[in-house]
Amino acid sequence: MAEYTPLPLILAAEQFARLPGIGMKTAQRLAYHVLNMQSADVEHFANTLISARESVRCCNVCQNFTEKETCVLCTDERRARAVICVVESPRDVTAIERAGGFDGSYHVLHGLLSPMDGTGPEQIRMKELMTRLSGDVSEVIMATNPTVEGEATASYISRLIKPMGIKVSRLAYGLPVGASLEFADDVTLVRAMENRNLI
C-alpha cells in the first residue's frame, strides 16, 4: 500500500490477507470496508470472531467442530457408527452433509500428511482415528482430496487399517455431471475410466 495510507489500515489489510483465498487487493477492500463501518458494528464483528474461536472445540469422538463435547452427528442415534468417513477438514463434513446420501459417521483429520511441510501422523488426528477403530467398525471411507497429500494420507491410513480386517474404500473420482469430455484433464479421464459403473 502507498506511503500515504495510514499504518493501522495497512496492518488491518495484512491481517485479512493472511486468510486463505484472500489476496492483497481483496484484503485492502475489506480493511477499507471495516473502517467505514460504525464502531458498534466493528466491535460486534470482532466479538463474534473471538466468541467463535473461544466456544468452538473439536468433538471428542469425530474431531469435527462443535460447541459441545460431542457433536450433533455423533449423538444422532440414526447414524451408522460402523461406517466412518475420513475427511481432511470440517468443511468436508459440511459438503458431504449438504449433498446428502451418507448416514454414517465421520472422522476429521484436520490436515493431511505432507513431509515437505513437516506434517506427519502426529500432527493430524490419526491417534484418535485408530482408537475409534478398536470398536465395532466395518468400513472406513477415505474421502481426502485427490491431491498428492490426499492420496498419500489415504494410502498410509489404508495400510494401517487393512490388517485389522476392516474394509477400506476410497471415494470414486471422475467426470462431474454435465461436464464435457473434451475439456476434462487427463487424470480425471483416467479416474473416470477406472471407476466406471455398470448401467
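Residues numbered from 1 in each chain as written. Predicted model: local features only at pLDDT ≥ 70, side-chain atom pairs only at ≥ 80, totals over all residues. Heavy atoms only, no water.

1. Observations regarding the overall build of the protein chain
Link 1 in the chain: Each helix and strand counted, the protein chain has eight helices and six strands in total.
Link 2 in the chain: Put simply, the protein chain runs from its N terminus to its C terminus through helices and strands in the order α-α-α-β-β-α-β-α-β-α-β-α-β-α.
Link 3 in the chain: In terms of C-alpha radius of gyration, the protein chain reaches 21 Å, well past the compact-globule figure of 16 Å for 199 residues.
Link 4 in the chain: The C-alpha extent of the protein chain, read off along each of the three principal axes, is 65 × 50 × 35 Å.
Link 5 in the chain: Within the span of the protein chain, comprising 199 residues, buried residues form 32% of the whole.
Link 6 in the chain: Contacts spanning at least 24 positions in sequence make up 47% of the contacts within the protein chain whose residues lie at least 6 apart. (Helix = DSSP H or I, 4+ residues; strand = E, 2+ residues; numbered from the N terminus. Rg over C-alpha atoms; globule rule 2.2 N^0.38 Å. Buried < 20%, exposed > 50% of the residue type's maximum accessible area, 1.4 Å probe, protein only. Contact = heavy atoms within 4.5 Å.)

2. Points about the confidence of the model for the protein chain
Parts of the prediction with low pLDDT should not have their coordinates interpreted in detail.
Link 1 in the chain: Residues with a pLDDT of 70 or more make up 94% of the protein chain, whose mean pLDDT is 88.
Link 2 in the chain: Per-element averaging of pLDDT across the protein chain places helix H8 (residues 186–194) at the bottom with 74 and strand S2 (residues 65–66) at the top with 95. (pLDDT = per-residue confidence, 0-100.)

3. Some words on the sheet that holds strand S3 (residues 80–87)
Link 1 in the chain: The strand order across the open sheet formed by four strands is S4-S3-S5-S6, and the pairing between neighbours is parallel. Only two strands of the sheet have a single partner each, and these edge strands are strand S4 (104–108) and strand S6 (167–170). The mean inter-strand angle of the sheet, taken between neighbouring strand axes irrespective of direction, is 25°.
Link 2 in the chain: In this structure, strand S5 (residues 139–142) lies alongside S6, joined through four bridges in parallel fashion. Considered in S6, the bridge of methionine 142 is made with arginine 170.
Link 3 in the chain: Across the sheet, helix H5 (residues 90–99) is in contact with S3 and S4; its angle to S4 comes to roughly 155°.
Link 4 in the chain: Packed onto the sheet, helix H7 (residues 148–161) meets S3, S5 and S6 and runs at close to 170° relative to S6. (Pairing = 2+ DSSP bridges. Axes fitted to C-alpha atoms, helices over the stretch in contact; angles between N-to-C directions.)

4. Digging into the environment of glutamate 194
Link 1 in the chain: Along the chain, the position of glutamate 194 falls in helix H8.
Link 2 in the chain: Considered as a pair, glutamate 194 and valine 72 are 122 residues apart in the sequence and their alpha carbons are 36 Å apart.

5. Here we look at the packing of helix H1 (residues 7–17) against helix H2 (residues 24–36)
Link 1 in the chain: The geometry of H1 relative to H2 is characterised by a closest axis approach of 8 Å and an angle of 125° between their N-to-C directions. Taken together, the axes of H1 and H2 lie oblique to each other. Every pair of crossing elements has a handedness; the one defined by H1 and H2 is right-handed. Of the residues in H2, those in contact with Leu9, Ala12, Ala13, Glu14, Phe16 and Ala17 of H1 are Met24, Ala27, Gln28, Leu30, Ala31, Tyr32, Val34 and Leu35.
Link 2 in the chain: Among the residues making up the contact of H1 with H2, the classes are represented as twelve nonpolar, one polar and one charged. (Parallel < 35°, antiparallel > 145°, perpendicular 65-115°, else oblique. Left-handed = near helix turned anticlockwise from the far one by under 90°. Nonpolar A, V, L, I, M, F, W, Y, C, P; charged D, E, K, R; others polar.)

6. Thoughts on the pattern of salt bridges
Link 1 in the chain: Taken as a whole and judged by the stated rule, the model has three salt bridges.
Link 2 in the chain: In this structure, aspartate 76 engages arginine 78 in a salt bridge whose closest nitrogen and oxygen atoms are separated by 3.1 Å. (Salt bridge = Lys/Arg side-chain N within 4 Å of Asp/Glu carboxyl O.)

7. What to know about the environment of threonine 75
Link 1 in the chain: Note on placement: threonine 75 falls in helix H4 (residues 72–75).
Link 2 in the chain: Put simply, threonine 75 and alanine 52 are 23 residues apart on the chain and 22 Å apart in space, counted from C-alpha to C-alpha.
Link 3 in the chain: Residues in contact with threonine 75, not counting those within four places in the same chain, are Thr70 and Arg81.

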